[in-house]
Amino acid sequence: MQHLKNLSEAIALSGKEDAVRAIVLDAIAPHAENITIDPLGSVTAIKRGTEPNPLRVMIAAHMDEVGLMVTGFDGDGTIRFTPVGGVEDRILPGKRVLIGDSRIPGVINWTPIHKNREQNVVKQSTLRIDIGATSKDEAAGKVKRGDTIAFVSEYAEIGDHVLRGKAFDDRVGCSHLIDLLSGDPYPVDVLAAFTVQEEIGLRGAQVAAQTLKPDVAIILEGTTANDVPQPMDEPDDQIERNPTCRMGGGAVISAIDRSMIVNPRLFRLVKDTAESLGIPHQIKTMPGGGTDGGIVHISNGGIPTAVISMPCRYIHSPMAYLDKRDYAAVQALVRGVLDALSKSWRQQ
């Protein structure tokens, strides 16, 4: 987990993953071979297995994060923008941002609450970013159309178990994959893929899967933990809890999401591994959201693909939370699955 802070604080929106790619390349160089940057910008590498004729297992995590992009300027010097990836309008007003490579600071403005009590949700199209400029020309002299815009966030430890940071979707997956490559060799060949442009269409994963041609794939993700307080006027025992997952509940094993239904045989192998090793885990059955698995599992004529995730609160926002105990569970489960795949996957 030593790289998670740097990964979280790096600014790397979809299509501009350079900062995270540099961290990844430096971290994996001593532990893998055939390290390659493909034409889209994804990093692929191989950690050779110890068994003869080893199974080829792709493990993927995406490097990009959601954010915003400059689209134009108003006459008063404020900046127009559009989302890059899934950004919810409701989190935007008042947020601090950094624009472009020069990291020009700004604030997303909003009509004060005193004059806006009737509007429940402020549309993104009505918002602007204030960088202190007083004219269109002044603003255009500091930032350019196409500049990416990142949320301001600081990584921190909260209490004994909780970590707070930006872009845990999916920098936590990148951290897991770095840690997996840093360990001893596995019985299988590990084909690592740090992918680009997941948040805008799973694009890097498609190219990586077509290039690596794995037998099996595992996707590492940061997923939605919807264990937040419920309405105070509803009795707790009458609330139907969201079945996504919760922080502190262990590794999240997906059965279904918006982009795929997990191969039943592989799902059972992952679940049985967690149970046999006593690893805390939970099953994700919420058919919402998606991962790189959505494109990997239909590549090359079909690749059996599992998704193992970290439960994270407040993802796709400037601040997310995760539990270090869940991190340990995911690490243990993936290592156990690699061993189990080597022993049983080719047995029909």
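Small disclaimer: the values here were computed from a predicted structure and weren't measured.

1. A closer look at the sheet that holds strand S10 (residues 156–158)
Pairing in this open sheet of three strands is antiparallel, and the strands run S10-S11-S19 from one edge to the other. Edge strands, defined here as strands with exactly one partner in the open sheet, are S10 and strand S19 (320–323). Adjacent strand axes in the sheet meet at a mean angle of 30° when their direction is disregarded. Where strand S11 (residues 162–165) meets S19, four bridges bridge the pair, whose relative direction is antiparallel. Residue pairing for S19: leucine 163 is matched across the bridge by leucine 322. Along the sheet, helix H8 (residues 324–344) contacts S10, S11 and S19; its crossing angle with S19, the most-contacted strand, is approximately 60°.

2. A look at H8
For H8, spanning 21 residues, the distance from its first C-alpha to its last is 30 Å, which sits close to the expected 30 Å at 1.5 Å a residue. When H8 is considered as a whole, its buried residues turn out to be Asp326, Tyr327, Ala329, Val330, Gln331, Leu333, Val334, Gly336, Val337, Leu338, Ala340 and Leu341. N-capping of H8 is provided by aspartate 323, with a side-chain oxygen placed 2.8 Å from the backbone N of arginine 325.

3. Points about the pattern of salt bridges
For the coordinates displayed, the defined rule picks out 15 salt bridges. Taking the shortest distance from any N to any O, the salt bridge between arginine 171 and glutamate 65 comes out at 2.8 Å. Of the two residues, arginine 171 is situated in helix H4 (residues 168–182) and glutamate 65 in the loop between strand S3 (56–62) and strand S4 (67–73); the sequence distance between them amounts to 106 residues. Just as arginine 171 is buried, glutamate 65 falls in that class too. Residues glutamate 88 and arginine 90 are paired through a salt bridge, measuring 3.1 Å at the closest nitrogen-oxygen approach. Judged by relative accessible area, arginine 90 falls into the exposed class, the value being 59%. Each of Glu65, Lys166 and Arg171 takes part in a single network of salt bridges with overlapping partners.

Reading the values: the criteria
Residues numbered from 1 in each chain as written. Predicted model: local features only at pLDDT ≥ 70, side-chain atom pairs only at ≥ 80, totals over all residues. Heavy atoms only, no water. Pairing = 2+ DSSP bridges. Helix = DSSP H or I, 4+ residues; strand = E, 2+ residues; numbered from the N terminus. Axes fitted to C-alpha atoms, helices over the stretch in contact; angles between N-to-C directions. Contact = heavy atoms within 4.5 Å. Expected span 1.5 Å × (residues − 1). Buried < 20%, exposed > 50% of the residue type's maximum accessible area, 1.4 Å probe, protein only. Polar contact = N/O pair within 3.5 Å; in protein donor to acceptor, adjacent residues only side chain to side chain. Salt bridge = Lys/Arg side-chain N within 4 Å of Asp/Glu carboxyl O.

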